[in-house]
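Observations on the three-dimensional arrangement
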Amino acid sequence: MSQIDDLPPLREVVERHGLMARKALGQNFLFDLNLTGRIARAAGPLDGETVVEIGPGPGGLTRALLANGAGRVIAIERDRRCLPALAEIAAHYPGRLEVVDGDALATDLAPYLQGRPARIVANLPYNIGTPLLVGWLSQEPWPSWWTSLTLMFQREVAERIVAAPEERADYGRLAVLANWRCRTKILFDVPRGAFVPPPKITSSVVQLLPREAPEPCDRRLLERVTLAAFGQRRKMLRQSLKAVLPDPAPIIAAAGLAETARAEEVPVSGFVRLANALAAELQAGSSARS
Ligand SMILES: C[S@@+](CC[C@H](N)C(=O)[O-])C[C@H]1O[C@@H](n2cnc3c(N)ncnc32)[C@H](O)[C@@H]1O
């Protein structure tokens, strides 16, 4: 594919605006229009949809989102050097691209969305990808304002997001939180050579679709039990869960789990039952004290 719009080729844009990639900002740009188009299409039918993009950079993916029909793109970029290039795209698609000059980790999107749902699509800066994802997965109330996440991660992070219990090394707190609240899937890999400059390892595009009704449970208690259990992942639950309760045996039994199980063998539903058993135990303890 040679062109998706009448804007100048990305390499020319990068050169004209002097956008040499900065490692500290996780800048690995995509110039391949087939690939940016593939990511935009993977984000679902975009016609008329609102899309939030983190880190548009020189705007390769942004252009693909707009060319694929996104009604409105809200793009948050921290590198001010990119703003003039993004302004050119905004002028080409009047009223459809809003560029937010800011840090995605510290920006409240509510004023930009005004109550509308949005899809989040991004070739994420590798250094803040996980904290951003945990933030989106931790939002209350649930389901949140976002209706899908289509995100590029380093392959190893992608594997930790979609991991199942039997995939021992990758299965951890991130997989429990992600798969409790979402259906997760690796859509496709992207080779290093597709980026400028190429990163050290392969990347993958991951899709997360929010579950309407995840198994009921207090997210903070779920995080407490997974922190304790995976904090000592080689230990049996009867030992590792002492970090949440001096005698964890009753909650392990109430959750229908074996005291000898290790964190990496416990499915998401097992952690949900543990969190609910902990809630009941804490409630019983506070009633007994009052
Ligand atoms: C991997 S590059 C992707 C650029 C572009 N979307 C593409 O696919 O070619 C990550 C982008 O995120 C931006 N970025 C890094 N940290 C950020 C932050 N905290 N908030 C917003 N953008 C950030 C970088 O400046 C860079 O443009």
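The notes below deal with the structure included here. Remember, predicted model here, so these are calculated numbers, not experimental data. (Residues numbered from 1 in each chain as written. Predicted model: local features only at pLDDT ≥ 70, side-chain atom pairs only at ≥ 80, totals over all residues. Heavy atoms only, no water.)

1. Observations concerning helix α12 (residues 268-289)
Helical geometry note: an α-helix holds 3.6 residues per turn, so side chains three or four residues apart project in the same direction. Our working rule: Counting from the N terminus, the helices are DSSP H or I runs at least four residues long and the strands are E runs at least two residues long. A helix's residues, less one, multiplied by 1.5 Å, set its expected span. Each residue's exposure class comes from its accessible area (1.4 Å probe, protein chains only) as a fraction of the maximum for that residue type: buried when under 20%, exposed when over 50%, partly exposed otherwise. Any two residues having at least one pair of non-hydrogen atoms within 4.5 Å are treated as being in contact.
Here α12 spans 32 Å end to end across 22 residues, near enough to the 32 Å set by a 1.5 Å rise per residue. Those residues of α12 that sit buried are Val268, Gly270, Phe271, Val272, Leu274, Ala275, Ala277 and Leu278. Among the structural elements, α8 (173-181), α9 (219-231) and α11 (249-254) are those in contact with the buried residues of α12.

2. Looking at the site of the ligand
Which entries qualify depends on this criterion: Note on definitions. A residue lies near a molecule or strand when any single heavy atom of the residue is within 4 Å of it. Identification of polar contacts relies on pairs of N or O atoms within 3.5 Å, with a donor-acceptor requirement for protein atoms, meaning one able to donate a hydrogen and the other able to accept it, and with residues adjacent in sequence counted only if both atoms are side-chain atoms. Surface accessibility follows the Shrake-Rupley procedure with a 1.4 Å probe radius. Residue values consider only the protein chains on display as shielding.
Close contacts around the ligand come from 21 residues, with Leu30, Gly55, Glu77, Asp103 and Asn123 the closest. For the ligand, an oxygen atom lies 2.6 Å from a polar atom in the side chain of Glu77. Backbone polar atom of Ala104 to a nitrogen atom of the ligand: 2.8 Å apart, as the coordinates give it. Contact with the protein chains hides 99% of the accessible area of the ligand, taken as 590 Å² for the molecule alone. Sorting the residues of the shell around the ligand by element identifies β1 (29-30) and β3 (72-77) as the ones contributing at least two each.

3. Here we look at the packing of α8 against α12
The condition that has to hold: Between N-to-C directions, angles cover 0 to 180 degrees, with each direction set by a line fitted to C-alpha atoms, over the stretch in contact for helices. Roughly parallel means an angle under 35 degrees; roughly antiparallel, over 145; roughly perpendicular, 65 to 115; everything else is oblique. Each residue receives one of three labels: charged for Asp, Glu, Lys and Arg, nonpolar for Ala, Val, Leu, Ile, Met, Phe, Trp, Tyr, Cys and Pro, and polar for the others, Gly being one of them.
α12 packs onto α8 with a crossing angle of 90° between their chain directions and a minimal axis gap of 9 Å. One finds that α8 runs roughly perpendicular with respect to α12. Packed against α8, whose contacting residues are Ala175, Val176, Asn179 and Trp180, the element α12 presents Val268, Phe271 and Val272 at the interface. Residue composition of the contact of α8 with α12, grouped by class: 6 nonpolar, 1 polar and no charged.

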